[in-house]
Each structure stands twice: as C-alpha cells, then as structure tokens.
Amino acid sequence: MADEGNHVELQSQDDVQDESGNAGPLKDITNNNEIIPANITTKQVKQDVDQAPAIATYISTGLLEYLKNKTEGKAILNHYLKSQEKNLPLNKKIRNRLCRLVIAREKDHILKDVNVDEQLEKFIISKKRFEVLANEIGNIFKYECAATYFKDYVQTIHNSKKITVLATGKLWNHYNY
C-alpha cells in the first residue's frame, strides 16, 4: 500500500486473503483519517470491527446553537462547564431541564406552520428523531450517554416467552408526560 497525498493505492483483491486462503473483498476502511493497511486479512478486519466500539453517525439538529441562544440553554451549558471540570455528568435536575427544553423546541418546530385557528391533531416525534436527539446530546455533553435520553423498545425471547421492554429514557419520559 502506498500513500501519495490523498491518493491511496491498494493491493489487488487477490492479494487480500483470509487464513483459509480465500480472497476476500477489498475495502478501504478508514478510521479518523487513518487507513487500515490493505494487506490485513479479512478475518483480522472482522475481529477489529467486532472489538471496536460502535461508530454512530453524528447528525446535528442545531441543538448546541439553540442552547447558546436561549436563557435556559445558557444555564444548562454553564452547569455543564462546571461539571466537566470535575469530570462529572449532568445532575438529574439539569438533565430534566435539558429534556424539557429539547421537547419544547420540537413542539415549537412542529407548531411553527400551524395557524391560530387550526388544531394540531397529534404531536409526534419519531423513533429516529429521538435517536438523533439523544445522540446529539451525547455528542455535545462529554459525560452523557445517549441511552440515558432514549432507548428504543426491544423484543426478545427468553425461555420460550416473548418479552418486550418498552422504550425508555429521559427524552421519552418528558415527551410522554
């Protein structure tokens, strides 16, 4: 593999083999602009991927800017800076304030096109939107976990019985309150 500026030459597909000698698909796998060498076996790549933490795509909804422009948001960010100095997550009260503000922002966004004489039949935030908002909170606030704010429902089978764990999280709870 040779790296010339932004151009990367990879070995041919025939040169990349797993331990059994089978040629695997050649992929350009990047991680923080570091390219994993092409001569790595496909089994090693699978092991590395299986052992690596899940990489979530960060989608910004403009939440940080929104917080910076609102009085309540500024108070939350100020508290975050103080807790970050101590390497602590946000406390329960601040998390609740953050969730109320995020849900209010979503309501304001949906209601912006509704006239005074119209009635909104349902206020719905999609599962995907909850995931995006929870991930954004996790990305903005260093010691916060997205699962604290939203975790989707899960259906599993245990001892031949179907078990359903309902959706949960601070955003979900504030939305349903």
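Residues numbered from 1 in each chain as written. Predicted model: local features only at pLDDT ≥ 70, side-chain atom pairs only at ≥ 80, totals over all residues. Heavy atoms only, no water.

Enquirer: Break down the pairing of strand β5 (residues 154-158) for me, citing the residues and quoting the values.
Expert: Bridging between β5 and strand β6 (residues 161-165) involves five bridges; their strand directions are antiparallel. Residue pairing across strands places Ile 157 opposite Lys 162, the latter belonging to β6. Where β5 hands over to β6, the hairpin turn is made up of two residues, of which Asn 159 adopts a positive phi near 50°. (Pairing = 2+ DSSP bridges. Helix = DSSP H or I, 4+ residues; strand = E, 2+ residues; numbered from the N terminus.)

Enquirer: Which residues make up unusual backbone geometry, and what are the values?
Expert: Although it is not a glycine, Asn 87 adopts a positive phi angle of roughly 55°. Tracing the backbone through its elements, the reader meets Asn 87 in the loop between α3 (71-85) and α4 (92-111). Positive phi, normally seen in glycine, also occurs at Asn 159, with a value near 50°. Along the chain, Asn 159 falls in the loop between β5 and β6.

Enquirer: Please give an account of the pattern of salt bridges that cites residues and values.
Expert: For the structure on display, the rule yields six salt bridges. Residue Arg 95 is joined to Glu 144 by a salt bridge in which the shortest nitrogen-to-oxygen separation is 2.8 Å. Note that Arg 95 is positioned in helix α4 and Glu 144 in the loop between α5 (127-140) and α6 (146-149), a separation of 49 residues in sequence. Since its relative accessible area comes to 17%, Arg 95 is described here as buried. Among the residues examined, Glu 144 registers a relative accessible area of 7% and is labelled buried. Among the salt bridges present, the one from Glu 106 reaches Arg 129, with a minimum N-O distance of 2.9 Å. Here Glu 106 is found in helix α4, whereas its partner Arg 129 is found in helix α5, with 23 residues between them in sequence. (Salt bridge = Lys/Arg side-chain N within 4 Å of Asp/Glu carboxyl O. Buried < 20%, exposed > 50% of the residue type's maximum accessible area, 1.4 Å probe, protein only.)

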